[in-house]
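# Observations on chain architecture
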Amino acid sequence: MPFLKRIMKWILALLFVAAGVNHFLNAAFYVAIMPPYLPWHIELVYISGVCEVLLGIALLVPRLTRMAAWGLVALLIAVFPANLHMAIHTERYPQYSPVALWLRLPLQAVLIVWAHWFTRSPKPD
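To start, this report covers the structure provided alongside it. Not measured: the values here are computed from a predicted model. Each residue is numbered by its place in its chain's sequence as written, counting from 1. Where local features are concerned, this predicted model is filtered to residues with pLDDT of at least 70; where side-chain atom pairs are given and counted, the filter is 80 or more; whole-chain, interface and lining totals use all residues. Heavy atoms throughout the structure, all of them, feed into the side-chain values; hydrogens and water do not.

## Observations regarding helix 1 (residues 3–25)
The end-to-end C-alpha separation of helix 1 is 33 Å, in line with the 33 Å expected for 23 residues at 1.5 Å each. Per-residue accessibility, obtained with a 1.4 Å probe over protein chains only, is compared with the maximum for each type, and a residue is labelled buried under 20%, exposed over 50%, and partly exposed between these values. Helix numbering and strand numbering both begin at the N terminus, where a helix is a DSSP run of H or I of at least 4 residues and a strand a DSSP run of E of at least 2. Where helix 1 is concerned, the buried positions are Lys5, Lys9, Leu12, Ala13, Phe16, Gly20 and His23. We call two residues in contact whenever any of their non-hydrogen atoms come within 4.5 Å of each other. Buried-residue contacts for helix 1 involve helix 2 (27–32), helix 3 (41–59), helix 4 (65–88) and helix 5 (98–116). The length a helix should cover is 1.5 Å for every residue beyond the first.

This is how it looks when you write it as structure tokens:
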């Protein structure tokens with residue numbers, strides 16, 4: 001695996017592990033941004049936190065990398081509606097800039113493409 005791709009894999013893994021841990025350290029923050037149409041807010045916050053930590057770690061295990069990358073793609077797609085909800089209903093989240101809430105949406109696409117990069121079989125050296 002080329003050096004840049006290896007570094008990018010570590011960065012992505014660390015981002016997700018840190019984000020997942022943050023779901024437990026700051027659960028109230030995540031509960032507050034949950035769309036009202038979703039049930040079990042605290043449970044979903046903890047489940048998504050566990051998924052982020054486990055998938056971030058699994059991304060670094062060579063035989064689990066592809067599965068973990070697909071898991072991250074699925075997770076990012078699964079949370080996209082909540083991010084879209086925040087952008088559409090900025091009045092419910094006055095502590096955040098509406099521009100920032102809208103900019104999160106293309107950032108989500110970047111993260112999906114980044115995770116998808118690791119779903120391909122590695123080319124032999």
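## Considering the packing of helix 4 against helix 5
Helix packing for two helices is described by the angle between their axes and how far apart those axes are. Angles run from 0 to 180 degrees between N-to-C directions of axes, and those axes are lines fitted to C-alpha atoms, restricted for helices to the stretch in contact. One way to put it is that helix 4 packs onto helix 5 with a least axis distance of 9 Å and a crossing angle of 175°. Taken together, the axis directions place helix 4 and helix 5 in an arrangement best described as roughly antiparallel. Polar here means any residue other than Ala, Val, Leu, Ile, Met, Phe, Trp, Tyr, Cys and Pro, which are nonpolar, and Asp, Glu, Lys and Arg, which are charged; Gly is therefore polar. In terms of residue class, the contact of helix 4 with helix 5 is made up of 18 nonpolar, 3 polar and 1 charged. Our angle categories are set so that under 35 degrees counts as roughly parallel, over 145 as roughly antiparallel, 65 to 115 as roughly perpendicular, and the remainder as oblique.

## Remarks on the packing of aromatic side chains
Only the six-membered ring of Trp is used, alongside the rings of Phe and Tyr, when aromatic pairs are assigned; centres must lie within 6.5 Å, and planes under 30 degrees apart are stacked while those over 60 apart are edge-to-face, with the rest tilted. Within the structure shown, the criterion is met by 4 aromatic pairs. Seen in terms of ring centroids, Phe29 and Tyr30 are 4.9 Å apart; in terms of plane orientation they differ by 85°. Their pairing is edge-to-face. Owing to a relative accessible area of 35%, Phe29 belongs among the partly exposed residues under this scheme. You can call Tyr30 buried: its relative accessible area is 15%. Joined through ring pairs, the aromatic side chains of Phe29, Tyr30 and Tyr96 make up one cluster.

## Some words on the layout of surface pockets
A cavity, in this analysis, means grid points on a 1 Å lattice covering only the protein atoms where a 1.4 Å probe fits yet has no way out; a pocket is instead an open set bounded by protein on both sides within 12 Å along at least five of seven lines, and a residue lines either one if it has an atom within 4 Å of a point. Grid points are joined across faces, edges and corners, and a volume is the space filled by probe spheres set on the points. Reported here for the largest pocket is a volume of approximately 960 Å³. Taken together, 33 residues form the lining of the largest pocket, with His23, Glu52, Val79, Asn83 and Arg104 sitting closest to its centre. Mapped onto the lining of the largest pocket, the elements with two or more residues apiece are helix 1, helix 2, helix 3, helix 4 and helix 5. Broken down by element, the residue count for the lining of the largest pocket peaks at 8 residues, all from helix 4. In the lining of the largest pocket, the residues fall into 27 nonpolar, 4 polar and 2 charged.

## A look at helix 4
An α-helical turn contains 3.6 residues, so any two residues separated by three or four positions project in the same direction. Taking 1.5 Å per residue, 24 residues should reach 34 Å; helix 4 reaches 34 Å between its end C-alpha atoms and fits that length. Bend at a residue means the angle formed by two fitted axes: the first through the 7 residues ending at that position, the second through the 7 residues beginning there. At Phe80, helix 4 is bent by approximately 35°, the largest bend along its length, and proline Pro81 sits one to four residues beyond.

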